[in-house]
Structure formats: structure tokens, C-alpha cells
Protein chains: 2
Amino acid sequence: MRNLKKIILLSILSCSILPVFAQRASWIWYPGDFDIYMSNVMQNRRTERGSFFPVFWKMDSHYVLVDFHKEFTINAPEEVKIFVQGTYNVKIDGQAIAGFPKTIQIPAGKHKLSLKVYSQGAVPAIFVQGKTIVSDETWLTTFEDKEWIDQSGKVSDKSGTTFVTAGSWNFTDPNVLPSNFKLPVTAQYAVKKEKAGNGYVADFGKETFGFVKIHGLKGKGKLGMYYGESKEEALSKEKCETLDYLDVDLAAKRDSVMPLSKAFRYVNFQAENGVTADSISMLYEYAPVTERGSFKSSDQELNKIYDVAKYTFHLNTREFFIDGIKRDRWVWSGDAYQSYLMNYYSFFDAPTVKRTLLAQRGKDPVTAHINTIMDYSFYWFLGIYDYYKFTGDKKFVQDIYPRMQSLMTYIDGRKNKNGLLEWMPGDWIFIDWADKLSKDGEVSFEQLLYARSLETMALCAKLANDTTNAVKYEKEAKSLKAKIFELYWNETKSALVHSRVGNQPTANVTRYANMFGIFFDYFTPEQKLAVKEHVLLNDKIAKITTPYMRFYELEALCALGEQSYVLKEMKNYWGGMLKLGATSFWEEYNPDKKGVEHLEMYGRPFGKSLCHAWGASPIYLLGKYYLGVSPDAPGYETYTIQPNLGGLEWMEGKVPTADGDISVYMNKNEIKINSAVGTGQLRIKSRTKPVVKGAAVKSVAKDLYQVTIRKHKNYIIKYSPPAP
Amino acid sequence: MRNLKKIILLSILSCSILPVFAQRASWIWYPGDFDIYMSNVMQNRRTERGSFFPVFWKMDSHYVLVDFHKEFTINAPEEVKIFVQGTYNVKIDGQAIAGFPKTIQIPAGKHKLSLKVYSQGAVPAIFVQGKTIVSDETWLTTFEDKEWIDQSGKVSDKSGTTFVTAGSWNFTDPNVLPSNFKLPVTAQYAVKKEKAGNGYVADFGKETFGFVKIHGLKGKGKLGMYYGESKEEALSKEKCETLDYLDVDLAAKRDSVMPLSKAFRYVNFQAENGVTADSISMLYEYAPVTERGSFKSSDQELNKIYDVAKYTFHLNTREFFIDGIKRDRWVWSGDAYQSYLMNYYSFFDAPTVKRTLLAQRGKDPVTAHINTIMDYSFYWFLGIYDYYKFTGDKKFVQDIYPRMQSLMTYIDGRKNKNGLLEWMPGDWIFIDWADKLSKDGEVSFEQLLYARSLETMALCAKLANDTTNAVKYEKEAKSLKAKIFELYWNETKSALVHSRVGNQPTANVTRYANMFGIFFDYFTPEQKLAVKEHVLLNDKIAKITTPYMRFYELEALCALGEQSYVLKEMKNYWGGMLKLGATSFWEEYNPDKKGVEHLEMYGRPFGKSLCHAWGASPIYLLGKYYLGVSPDAPGYETYTIQPNLGGLEWMEGKVPTADGDISVYMNKNEIKINSAVGTGQLRIKSRTKPVVKGAAVKSVAKDLYQVTIRKHKNYIIKYSPPAP
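What counts as what
In this numbering scheme, every chain counts its residues from 1 along its sequence in written order. Written order determines the labels here, with chains lettered from A and ligands numbered from 1. Residue-level local features of this predicted model are given only where pLDDT is at least 70; pairs of side-chain atoms are given and counted only at 80 or more, and the full residue set underlies all totals for whole chains, interfaces and linings. Computation of side-chain values: all heavy atoms of the structure, hydrogens and water removed. A run of DSSP states H or I qualifies as a helix once it reaches four residues; a run of E qualifies as a strand once it reaches two. Both are numbered from the N-terminal end. Based on C-alpha atoms, the radius of gyration is set beside the globule rule, defined as 2.2 Å times the residue count to the power 0.38. For every residue, the accessible area (1.4 Å probe, protein chains only) is compared with the maximum for its type, and the residue is labelled buried under 20%, exposed over 50%, or partly exposed between those bounds. Geometry is summarised by axes, namely lines fitted to C-alpha atoms with helices restricted to the contacting stretch, and by angles between N-to-C directions that run from 0 to 180 degrees. Roughly parallel here means an angle under 35 degrees, roughly antiparallel means over 145, roughly perpendicular means 65 to 115, and every remaining angle is called oblique. Here, two residues are considered to be in contact whenever any of their heavy atoms come within 4.5 Å of each other. Only Asp, Glu, Lys and Arg are considered charged in this grouping, and only Ala, Val, Leu, Ile, Met, Phe, Trp, Tyr, Cys and Pro are considered nonpolar; every other residue, Gly among them, is considered polar. UniProt positions are given in the numbering used here, feature names are shortened, and annotations may be inferred rather than shown by experiment. We define buried area as the total accessible area lost by two parts upon association, computed with a 1.4 Å probe and summed across both. One side-chain nitrogen of Lys or Arg within 4 Å of one carboxyl oxygen of Asp or Glu is enough to make a salt bridge. Think of a polar contact as two N or O atoms within 3.5 Å of one another; within protein, one of them needs to be a possible hydrogen donor and the other a possible acceptor, and neighboring residues in sequence only count if both atoms come from side chains. In this scheme, strands are said to pair when DSSP sees at least two bridges between them. Expected span, for any helix, means 1.5 Å times one less than how many residues it has. Each crossing gets its hand from how the near helix is turned against the far one by less than a right angle, where anticlockwise is left-handed and clockwise is right-handed. We superpose the copies by least squares over the C-alpha atoms of residues that have a pLDDT of at least 70 in both of them. Charged residues are defined narrowly, with Lys and Arg counted positive, Asp and Glu counted negative, and His plus the chain ends left uncounted. The source of the domain bounds is an automatic or database domain assignment.

As named in an unreviewed UniProt entry, chain A is Bacterial alpha-L-rhamnosidase, taken from Pedobacter petrophilus.

Structural data, given as C-alpha cells:
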């Protein structure tokens, strides 16, 4: 809505300058269909040592036959150009035009323009460009128009037809079909070359992603290229995870670009006698997102961590938010959920969030959890909750609500007699990659996510004007929350226990449910403190070794105000990877491991991904809990800034929103704020009442003050930090 | 199963001759997927005056990612060739082979061969050919294999994965991809040419179907071809239903075949000055089915009716059973249901029945009735009921049962507070093309079809070993049947009334529910006779004017033994069309209309289809009620022959079954039978006990005798018909 306002504003402005102004058209499709189509394309690019390696869950398809229409009232006749992906017809006021018209004339007055498109292999899509008649997200679309006629020629009642507004992205070139979408590429070159075997290993200096290009390839024989995120991997022809085998038969020199993208830092180039090449380079492929969020501080190691995290995250931000660039490149919901959060503090790219959510969910019927993983179904709901909170985009929630309902119906249908979820055939209870992590019985972590998902359903039902179900979901969430504490809370251990087996709570305490309980705000203040001491800061509770769950562990500690502790942890953990030479952050990092042990996973010596989105969480933590910016009302209409140096001398950075950035600078006696959006509440701990020009300072508790931040104003706040 | 037995037998025989014998492989796919894919192709061929004219219901897609596997035990190593439609991997015992292998070696012993295929535009399909390892319907397949591995490399539990046996047809050439399937064509030539305008009208002598071919086309300018099932239509450039416009720009003569098939008898060829052609011919496109059923009698007009009906039916038997060849060419369920029945008495082509049933049903979720028509959902169930009765193919019922369940769940969800179905937004209550036919309230006809569908569900649930639901459906069917008689039976009118409006039965009596009640055997014998007199033979009840409903009307009368009456009706009605020059039977025929009125429908002067599958019902009536052959136990394991001359001097014919034909000859004192299948009960009305060699004659009632017919024996039965 906000963006729309801007566009309208822009067009009014333009109108005053250019008397003949054409509206901007976009390619449009049935909502979610391009997303599903594109995710099929992307997720089917995975190979493992040259073998095609697709996903193991159901892949859906776009609707193959889609009707688009809109009513227009125009003052003057208009020539309208038509571009279509698929076989189509065009109707004006229900009257079909013969053939496949490329240009039509629409007379002045009120008219309905309809296109119906069939396309099996690619998404049915249209691009309509007139002076005022243009295709955009206001068009209505359906996959069953139910437009029959009876024997007298009378047209059917269509009251049972569900029309929804069209989906679109930023495809404004009529000559590029949506199915031809490709990310941009740019040339990159190796920084070092080292002899190995009969060939050499090219080092591109850091983790990268794209298509290897062989320059001046010639001769007859076999050529192998072995990719490595580590040099060890590239050198291991037998065990590297990705490779390319080519049969070369070229009389003259020719440049050759590999058809499939790869993730690597090193390429081991090995050609048979008779095959030669001048050199190799690569086409770096990237998502053209803007790095809007930023963070810089007095700590150089932390700055390096932030930069590498942002690079890691950018590499994993592609057509969708993917897990890691070397292996899967799939839209894993648990991984993507963290990417959404990191995205709100870096690119703030809403379309990639929406695309990923739509791709994960696919179409009805629901036949399994998302990615087959129970927890991943829940993260999907949470992703929508957060999306609305950060963007305020109500239309998307309304669009996706029916698919939320059917997934929740599937989940509700799998409750056991206690009203809880436990493993059923076909379920994957993931939680985390961790040894000896029990998945038996009713795991508390899953119930906690379930409760949060029901809360999300209640919120979204309200947004979708489904009052009846809003009440129902709210009731269910409340009752499940109560049940969780009744069944899992162990007063002696001051913790939620891990599970119930045979209707009895176990004595096992893990970090998972407890840390989520913190930032879900499910605990009482007393419980929070007890959990912090007895679980989060308790070394006897099994350690977390994935950046994935460290994300939440550190978030929970930040939510409890432990920024200083978390800063040390970040420097230890992410700094630890940097010390081992990481140029991007890993899928898993256990400081106790040594040397090549770090590369191993899934029983394979180079199975681990060394560039994993979930490794980039410092982006999120630093933005949300150090710069301290987070929305209160959807879309940052109101928000909080609670900056926390966590022991740093100073820090500065930007947090992006849909309507502009929020800039924060802080040192030990000064805070500077500038915001492009909404109304913020700055909360500062200070021994004395802070001083700020042009704004009142409110005391809210002992040593805690609040300043209201209006947009487009510079604030300088002098304060005196309390003793640590 | 029967066919399988034959193939095995054949291979044993062949083995004894050829020591190295390769099993026969087929292309296989996820069951139903080729059918859905192909029906999308076919149903999107419709044009109306040059405009693309697709269906108005949801079109589904094949699964785009499918896993196929089978375990084999082989005594010697085997070389296996692999052909795939799509991107794929090959695994032996779970181990992937690099690249896209075309030939693999499988060692002796027990091994699992798996292929996983991705294809968006066409159906994922495989063809595997070794000596003993071949792809066929015994392979297992799934669209979600849930085959994940944990961080240690351990493979997931797959107990939640649903594997089903593969679908296939007769695609045994590895070099022809399933998506390239096309019906065969053969050249046909016009029999007459007549000047018209600046061009001419070519007459192909009778209704036909295919691709017009222009010989020696040359010049620059526009060319129009106007197709007509009637000469009037072809001559009406402005109103004919189908046409082709070409922009010709050919310096030298070239032959040109139109890309889209058309139905016509006449082609009006009109070229601008400067465009010339030597001649036109056509490529007649046809389904290569065998005309196994036959009928011949002492009545030449009836024989002509039978022949034209069979030609009409053959023209409408294509990739699927379609409604009519000129206009829709869609898989309408109500039309197809009659085609199934005609097919059992003519081609006995089971694959086309299965394909059509699968295509109509598509995929879940169900969002509307089949073809959006309430009655058409029910005919779909009835089609499965009959398919099983005629073929005994239990596997197909088991395969399709889940899709039956989800459709029935959809229907059950639309019952009103009385437990009955009435119009809801989006529903089309069709019943028949008839003026002033009320669709208001709770229409008895729909409830009757609903009850029959529930009975079908009960039967199929049993076949699919779903005992719980079998009981449930049986109970529901019984209760609905009771309710129908309670609410709609009008004792005074001796009929089921047409509907209830506002909870009150109307006084309106129509033929529909009453005639179905007869051959569903829902009436008591007394009710049957009453209905016959007060409804079926009552001229005051609105007449039926479509061959569609005449099918059931005449069937009901035949079921009541009125073959003589029906014979006269057939000769009047179908003979009436022949007298008007029909070379195929029509969508609608009202003898009261005159001249070009016969061509009009849907408010368009040539809207009517003059070659409609439902026009071919004499095929069915003559086979089932005159030759009198019908199955009792599924697949003709037991069956009845109750021949009835209906006033003919003699008749002879064949009724096909899965295992061979049943031949019947009858005149006024002799019946000859030969059967290739099961055990039949011949029932003959005779004044005296019939005489038959080699079989006992049992008296079952006054003037009614029964002879048991064993297979592969010739029976000659002498009898003496009772006085009419």
C-alpha cells in the first residue's frame, strides 16, 4: 500500500510534466504461480558429484489455465499492446477477438478486458500496455472462471467463482518472458593458480558462486573440474561434492561457460593430454538487492564478522532465500525463516520473502509438512507473522491466508489423543543437527512452535476478516500454551523439559524450547531469569553447535539484556570461524573439532556447507539487539529503538524499512538518531536524565528514559551510561 | 490382470522358441499423469471462429517430480538401457550414477533400481529395457519419496511414503516420447467441388475429422477456409463455427497442412486474387481402435442407424471420449459416461475409458463439480461402477479410489440441512438441454444419482479394502434411497416428482428421475409398471429432444421389455435424422423443427454439433437389450444373454469382452450362441421347451427357459416365440 501511494504520487507528478503519460505495466500471473514455477527451476539445479539431486517432497505446479480480467473506464479510445506467455484469447466485454492479437483497440467508455491463457511448461502470464490500461496487481484472476453458456446462449451465473488479485514482481519489460528470468552475472577472476596433478587449482580468493568459464578451450579428450569450498575439497577428485565432467572435441579454441552454477573458492582443473585451455574465470551470479542495512563499530573483529555475515547472506539470497550455495540450494523453511529476519536488517527485500513463502507452501492438497519437517511447517507461519510485522503488507496476508488455513488443518489433523504433536510416519522432527537429540514422544519445542503458529493464525484470520476462525485459533493457542506449562514446566529444574514419553515428562532439559520461550515472551519475568541461569548460561546443558540454533540462543540472551555476553560469544564463535580462514560462515561449527574435521558432515569428508545462510545471524542480532531497532506496529508505524553497546566503544548503522532507513549512532555518552519512518520510542539507560534538543525526555523507570522519535529529524541525545 | 496372464503365457511360448528373450518394456509414469497431461493438450485445441476457446474448469497438471523404483533379482549381470522424458538420476541400491546414463550394468543378485525424474512441460516418464529388467505397471512410484538423510548420513524412515504402481499405456517404442503421442492419420479426398463466391465448396461426402491439406499453395494474399458440418454452415463466412485464416506469401508452390484439426463435411475455400492452390484434401485423424462389436438385422434402416451410430462414436473416440468433434472436444463427464457404455458394445477399449475417467477427475483439491456440473460428478462415479462390471479390473478401482473419496467428500460437504443437494454458487445443474426445465430447489434426479454414487463408493471401498468406509457409504446410500421415496414419490401421479422447493414436493413430473429409477432398479415391480404407463409412455409429460436423454429413456423402456416400442422409436428418431441427410448423429434433434432450424443451438445459427457421441446410443441399446448380452459378475465371469428381436425377423451380432467376443444370432425359431468367455445364462421366452444340443434347458417361469452357456462351444437353440 505504501509503495502504491508513492507510485500514484509519482504518476501525478509526472503527469504535470508530461501530458501524455503511460502507466507502468508489469507481467502478471496467478498469485504464487511464478514463485512455484521458479522454485521448481531453482531447486532442480542441485547435483551431487554430477548426479541430478532433486528434493524429496512434493513439487507443485502453476495453474496451467488462467483467466485475467479488469474493468476500465476510459475517456478516449485506446490502443493496447498485448504480450502473453502461453496460448491465449482476448475478449472485450466478453466478445472474443479472432486469433492471437498483439494490438487491440478499446473504445471509450466502461469496458471489461479479459485474457485467458494456457501454458503447461511455463507460468501463464500477461503484459498489457495501453496508455491507461495496463496489467498490474489490481487485475483479477482465477483458475476456474466457470463461464459456461446454456443452450439458449445465456451466460452462467459465476457467483461461485473465486477471483483473486494477480501476482507480479518487477518484470516491466514486455519482451522478456517471466520464464526467461535469470539473475545477473558479472565476471570474476582467480587470484592465484597452483599446480596440482596434471593441471592446477585456481583460487578465487574467497567463497563465491556462479558459472565457470573456460577460455580458449581446445583439443579432444576428457576434462574434469572439481569444485571446493576448501582447497582440500577441490583437490579430492574422489570426494568433492560438486564437479563437472566434459567431453571436449574442439578443433579451434573456444570459450565455454558451464551450464550449471557452482559454489566454490577453489577449482581444480584437470584435463587429459590433448585438451588445453588458456585460463578459467567465472561469471559471478548474484541477486541485485541493495545492501541497505549497515553496522560498524569500534571492534574490528566484530565489523569483519558483520561483513562476512552480510556476504554469506547475500550469496544465499538468490531467486529465493536458500539454505546454502554449495549443496542443496533449496527453500528450506527453517533456514528461510532466519533469512527473513536477517533480510529485515539488511536488504529489506520484501519480494524475496513473499516468493520464498509462496514457494515453500506450494499448492493444496497438503500431503506432508513443509520440507517434510514438522518444525519447518511452524517456521512458515512465523515467517508470515514477522513479514506482516516488518512490512505491514496486509494484502499478502490476505492472499496467502487460505493456504495457511489448509496447512493448519493438516497439522490439526495430526494431533494425538493428548492434543499434542508427536512423530507420525512421514514426519521429520528436525529441531537441530545435534548428536543424541531425542525426537521421541511429545517434544516440547514442537508444541511451543505450534502454539506460536496458532497465534499467527489468529492474527492473520483477523486481517483476512475471518472473525469466526480468529476466535477459534486464539482459543486454541491459549489452551495449548497453558497445556505446555502444565505438562513441561519443571519447577526444580527451572526449565521446560525436552519431551514427554509415555504420557510422562522426561527429566531431559535442552535449550530449544527454553530459548524460544524467552523471545516468544511465554515465560513470566521470574521464569525468564530462572531459565537464563539454569539453562542458557548453564554449561551442563548440551551445547549448541550450529549457527542455526545459536541464532535463537543468542537472541534469547539478547532479549534478556545480555548483549555483553553475546558479544563475546559472537566474537568467539564467528570469530573462531574467521580465524580458521572462513570467507563465509558455515552450516555447522564446533570449536572442539580440528583441521579437516571441520569440513566433514553427513558422513562425507566435504559434506558440510561452508556458506550457509543460517551462519549469518550477526546481521540480525546486531541490528535488532545492538542498534536495537524493531517494529511495534506493522510496517514500523510505531517502533522501538533500544540501543545497547554491549561493551563496544561506539557503533553506528542503519536499519531499513519499507519507507526508508532508521540510522543509529551510539557511543558511551551520545546517541544520534535519524528516521525516515513512523514514530519511534527510543529507550535509553542513563544514570542522569538524558539531554536532547527538540524532544521531551520521559522517565519510565529507574535509570530508564524514553524519547519519542519523529521522522525526518536529527536527534542528538546526551546520556550517561549506568555502571556495568 | 487378464491381459497380463496372456502376456506371460506369450512370453513362455516365445521362450521355448527363442532362448534369449527380452521382456517387453513400456513407458511408465505416475498413474493418471499422462492422462491429465494429454487431456490438457486435447482440450486446449478448441477454437471458435479462430479464437482460442479453453475450458472453464480447473485444469490440473502432472506431478513434475516423480520417483520410480523396482526391486529385481537377476541370475546374471544385465545391461539395461534407459530412456527418460525429463531430467533424471539413476540409482542402483540407493547409489546415484553420475550424469544422465543411457546404459547401465546391473550385477547379478537382488538389486533396487530407482529413477527420479523432473519435467515441468511434459509428463515425467521412463522406459527401462534390459533382458529381464523392464519398466512396466509393476514399478512403484511416488511424488514425494521423503528420502532424506540426517547429519550422520543415515537415511530417513520412509514409512510415511505412499507408493503406487505406475501408469502406462501401449507406448513400447523407447524412441517416441509419451508427450509426442499423436493419433494416426490417413489421406481422404473430397467427392465433389462446387463453385461458391470466388472459390469453391469441397464436399467430403460425409462428416469427417482431421487436418485440411492445401496442395500447391502459391501467391501472396489472404486465404480463408470456412468449415461446415452442413453446406449452409460452410457457406456462411460470418457465422460458421470454425474457420482458418491464412496469410499466404509463397513464391513457389507448396503443400500446407493446417495445424489444428477440424470437423466438417464441407470446406469453403476462398482465396484473394493472387493466391492459388491446386486442390485441397485432408488427413483424416482417428483412434486406432478395433470395431469388435457388431449388429446386423433384417431391417435395413436399423442397420444403417447402427452403422452411422458406430461411425459417429468412432469419430468421437479420440485421445479421450469427447462430446462432439466440431466444437468442444472436451471430456464432458455426462457425455463420456454414455461413451463408456457404447464402448463396451463396440471397441471394448478399456484404456480410453481409464484415460477419460482420470482426465476428468484430475488432481486434488476438488474445487468444483466435474465440468462444474453436479450431475456430471455423479456420472463419473457411475462410470467407475460400470468399468469394473464390464472389465473386472480391480487394480484400476484401487488406484482411483482415493480420488473417488476426495470427490465424494467434496459433495458430502455441500449437502443442505435436509441432507439433500441443491444448487450452490458455482454449481451447474445440467440434467438435459430442455426448455423450461426447472433447476430450482432439491431436484429428485440429482438425489437419485447421488444415491447411486454412494452405492458405487461402497462397492469400490470394498475393492480397495476400506471396510470401514464401505459400511459407511452403504448406510448413507440406503438412507438416501429411502429418503428419496419418502420425499418425492407421488402415489397419485405414480411417479417421482421433479423437485422439492421450500421443503415441499412440487407437482411437476419429468422423465429424468423416473427413467433412471427403472434401470437403477430402485422401484418395486408395481412402481415400474406404473411409471412406465404414467410417465414413460405418457405424451403429456414433456418430451425429450436430445439423443443424450433419449439414451436413458429408451434404456428404461428396454429394461421393461418394450423392445418393440423402442425399435419403432429408434427408427423414428435416428431414422428421422438419416432422412434429413445426417451422416453422423446430432447433439439434439427435435423432429418438430424444420430446415436450417435443425442447425441452430446456443443462439447461434450453426451452434449445434452434428456429430455428437451421445447421438450414438443405438450401439448400446442394440447390444445390451436386443442381442441382450450383459455381465453379471465383473469382467463377464458370469453374464446373461436375454436376446429380444423386438419385432425384427432376425438379427446377429457380437458383443466384445476383455477375453473375447460373445456371438449371438437369433431369428423367430432359432438362437445361435458362441462365447469366448465366462459362464452365461441364456434366457429365452418360448411357448414350448427349447431344444438345444449339449446343454440342459431349465424352466424358470411360465414360458421362460434358461440355458447355461459355456465358453468355446457352439450352441443352437430351437424355440417357439410366444404370441406378441
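On we go.
Caption draft 1: Structural view of the overall build of chain A. Within chain A, the regular secondary structure consists of 15 helices and 36 strands. In terms of overall dimensions, chain A is globule-like: its C-alpha atoms have a radius of gyration of 28 Å, near the 27 Å expected for 724 residues. Each of the three principal axes of chain A carries a C-alpha extent, and together these read 80 × 70 × 60 Å. Here chain A holds 724 residues, and the buried ones make up 60% of them.

Caption draft 2: Expanded view of the packing of helix α4 (residues 300-316) of chain B against helix α15 (residues 618-626) of chain B. Residues and elements named next belong to chain B. It is the contact of α4 with α15, at a shortest axis distance of 8 Å, that shows an interaxial angle of 120 degrees. Looking at the two axes, α4 sits oblique to α15. Counting all contacts with α4, which are made through L302, I305, Y306, A309, K310 and F313, the residues of α15 involved are P618, I619 and L622. Taken together, the residues that form the contact of α4 with α15 break down as eight nonpolar, no polar and one charged.

Caption draft 3: Expanded view of the UniProt feature "domain: Alpha-L-rhamnosidase C-terminal" (unreviewed entry) in chain A. Under the local residue numbering, the UniProt record ascribes the feature "domain: Alpha-L-rhamnosidase C-terminal" (unreviewed entry) to residues 628-669 of chain A. Helix and strand shares over residues 628-669 of chain A are 0% and 55% respectively, and the end C-alpha atoms of the span are 17 Å apart.

Caption draft 4: Here's a closer look at the interface of chain A and chain B. Facing the 64 residues of chain A at the interface are 64 residues of chain B. Considering only the side of chain A, the residues that lose the most area to chain B are A:F52, A:W148 and A:Q151, jointly responsible for 16% of the buried surface there. For the pair chain A and chain B, the number of links is zero salt bridges. At the boundary of chain A with chain B, the tally comes to 18 residue pairs in polar contact (both at pLDDT 80 or more). Among the secondary structure elements, those contributing two or more residues to the side of chain A that touches chain B are α2 (33-43), β3 (51-52), β6 (87-92) and β9 (109-118) of chain A. Considered class by class, the residues forming the side of chain A that touches chain B number 30 nonpolar, 20 polar and 14 charged.

Caption draft 5: Expanded view of the pairing of strand β18 (residues 262-271) of chain A. Residue and element names in this part refer to chain A. For β18, the buried fraction is high: ten of the ten residues fall into the buried class. The pairing of strand β16 (residues 199-228) with β18 spans 13 bridges and is classified as antiparallel. Within the sheet, the bridge partner assigned to L223 lies in β18 and is A271.

Caption draft 6: Focus on helix α7 (residues 374-391) of chain A. All names here are of chain A. For α7, built from 18 residues, the straight-helix expectation of 26 Å at 1.5 Å per residue is met to within 8% by its first-to-last C-alpha distance of 27 Å. A large share of α7 lies buried, amounting to 16 of its 18 residues. Once α7 ends, the next one or two residues include G392, with phi positive near 70 degrees.

Caption draft 7: Focus on the packing of helix α5 (residues 333-344) of chain A against α7(A). Residue and element names in this part refer to chain A. Interaxial distance between α5 and α7 falls to 8 Å at its minimum, and their mutual angle equals 15 degrees. Judged by the inter-axis angle, α5 sits roughly parallel to α7. α7 is crossed by α5, and the crossing has left-handed handedness. For the pair α5 and α7, the contacting residues are S333, G334, D335, Y337, Y340, L341 and Y344 in the first and Y376, Y379, W380, L382, G383, D386, Y387, F390 and T391 in the second. Its residues assigned to classes, the contact of α5 with α7 comprises ten nonpolar, four polar and two charged.

Caption draft 8: Spotlight on the relation of the copies chain A and chain B. Once chain A has been moved 0.0 Å along the axis and rotated by 180 degrees, it coincides with chain B to within an RMSD of 0.0 Å. Taken together, the rotation angle and the small translation identify this as a two-fold axis. No C-alpha of chain A lies nearer the rotation axis than that of A:G121, which sits 1.8 Å from it. The share of interface residues of chain A whose copies in chain B are also at the interface is 100%, consistent with both copies meeting through the same surface.

Caption draft 9: Fine view of the pattern of salt bridges. Inspection of the entire model under this criterion finds 94 salt bridges over all chains. Among the ionic pairs, B:E301 bridges to B:K571, the shortest N-O distance being 2.9 Å. Of the two residues, B:E301 is situated in helix α4 and B:K571 in helix α14 (residues 563-579); the sequence distance between them amounts to 270 residues. Overall, the relative accessible area of 23% leaves B:K571 in the partly exposed class. Salt-bridge contacts for B:K579 lead to B:E301; the nearest nitrogen and oxygen are separated by 3.2 Å. Separated by 278 residues along the polypeptide, B:K579 in helix α14 and B:E301 in helix α4 bring together distant segments of the chain. For B:K579, a relative accessible area of 65% corresponds to the exposed category. With relative accessibility at 23%, the residue B:E301 sits in the partly exposed group. Put simply, A:R46, A:E48, A:E241, A:R327, A:D328, A:E587 and A:R604 are held in one network by salt bridges that share partners.

Caption draft 10: Main features of unusual backbone geometry. Cis geometry marks the peptide bond from A:D364 to A:P365; its omega dihedral reads 0 degrees. Phi at A:K436 takes a positive value of approximately 55 degrees, unusual for a residue other than glycine. Secondary-structure assignment places A:K436 in the loop between α8 (394-412) and β22 (442-443). Despite not being glycine, B:R49 has its phi angle at roughly 50 degrees, a positive value. Looking at the secondary structure, you find B:R49 in the loop between β2 (47-48) and β3 (51-52). When its relative accessible area of 25% is taken as the criterion, B:R49 is described as partly exposed.

Caption draft 11: Representation of the UniProt feature "domain: Alpha-L-rhamnosidase six-hairpin glycosidase" (unreviewed entry) in chain A in the model. Mapped onto this structure's residue numbering, the UniProt feature "domain: Alpha-L-rhamnosidase six-hairpin glycosidase" (unreviewed entry) falls at residues 291-624 of chain A. Split by type, residues 291-624 of chain A is 53% helix and 4% strand. Its first and last C-alpha atoms lie 16 Å apart.

Caption draft 12: Broad picture of the side chain of B:Q447. All names here are of chain B. Positionally, Q447 belongs in helix α9 (residues 444-463). Here Q447 falls in the buried class, since its relative accessible area comes to 0%. A distance of 3.1 Å separates a polar side-chain atom of Q447 from the backbone oxygen of V443. Setting aside anything within four residues of it in sequence, one finds Q447 in contact with L420, L421, E442, L480, I484 and Y488.

Caption draft 13: Seen up close, the side chain of A:R329. Residues and elements named next belong to chain A. With respect to the helices and strands, the residue R329 is situated in the loop between α4 (300-316) and α5. Lacking a salt bridge, the buried R329 has E285 as its closest oppositely charged neighbour, with an N-O distance of 6.9 Å. A distance of 3.3 Å separates the side chain of R329 from the backbone oxygen of I325, its partner in a polar contact. Apart from the residues lying within four places of it in its own chain, the contact partners of R329 are M42, Q43, R45, F209, S261, K262, A263, I322, D323 and G324.

Caption draft 14: The sheet that holds β6(A), seen in detail. All names here are of chain A. Spatial strand order, β7-β6-β9-β4-β11-β12: six strands in an open sheet with antiparallel pairing. In the strand order of this sheet, the two ends are held by β7 (95-96) and β12 (164-165), each with one partner. Both β6 and β7 contribute to a ladder of two bridges, which runs antiparallel. Counted as the bridge partner of I92 is Q95 from β7.

Caption draft 15: Main features of the domain arrangement of chain A. Residue and element names in this part refer to chain A. Segmentation of chain A into domains returns domain 1 (19-178), domain 2 (185-285), domain 3 (294-625) and domain 4 (632-718). If you average the C-alpha positions of domain 2 and of domain 3, the two centres end up 37 Å apart. Facing the 20 residues of domain 2 at the interface are 20 residues of domain 3. Where domain 2 abuts domain 3, roughly 1600 Å² becomes buried across the two surfaces, and 56% of that area is made up of carbon and sulfur atoms. Ranking the residues of domain 2 by area buried against domain 3 places E207, E229 and E241 at the top, with a combined share of 36%. Here domain 2 and domain 3 share four salt bridges between them. Linking domain 2 with domain 3 are seven residue pairs in polar contact (both at pLDDT 80 or more). Looking at the side of domain 2 that touches domain 3, the elements that each hand over two or more residues are β16, α3 (231-235), β18 and β20 (279-285). Considering each element in turn, the side of domain 2 that touches domain 3 owes the most residues, five residues, to β16. Classifying every residue of the side of domain 2 that touches domain 3 gives four nonpolar, six polar and ten charged.

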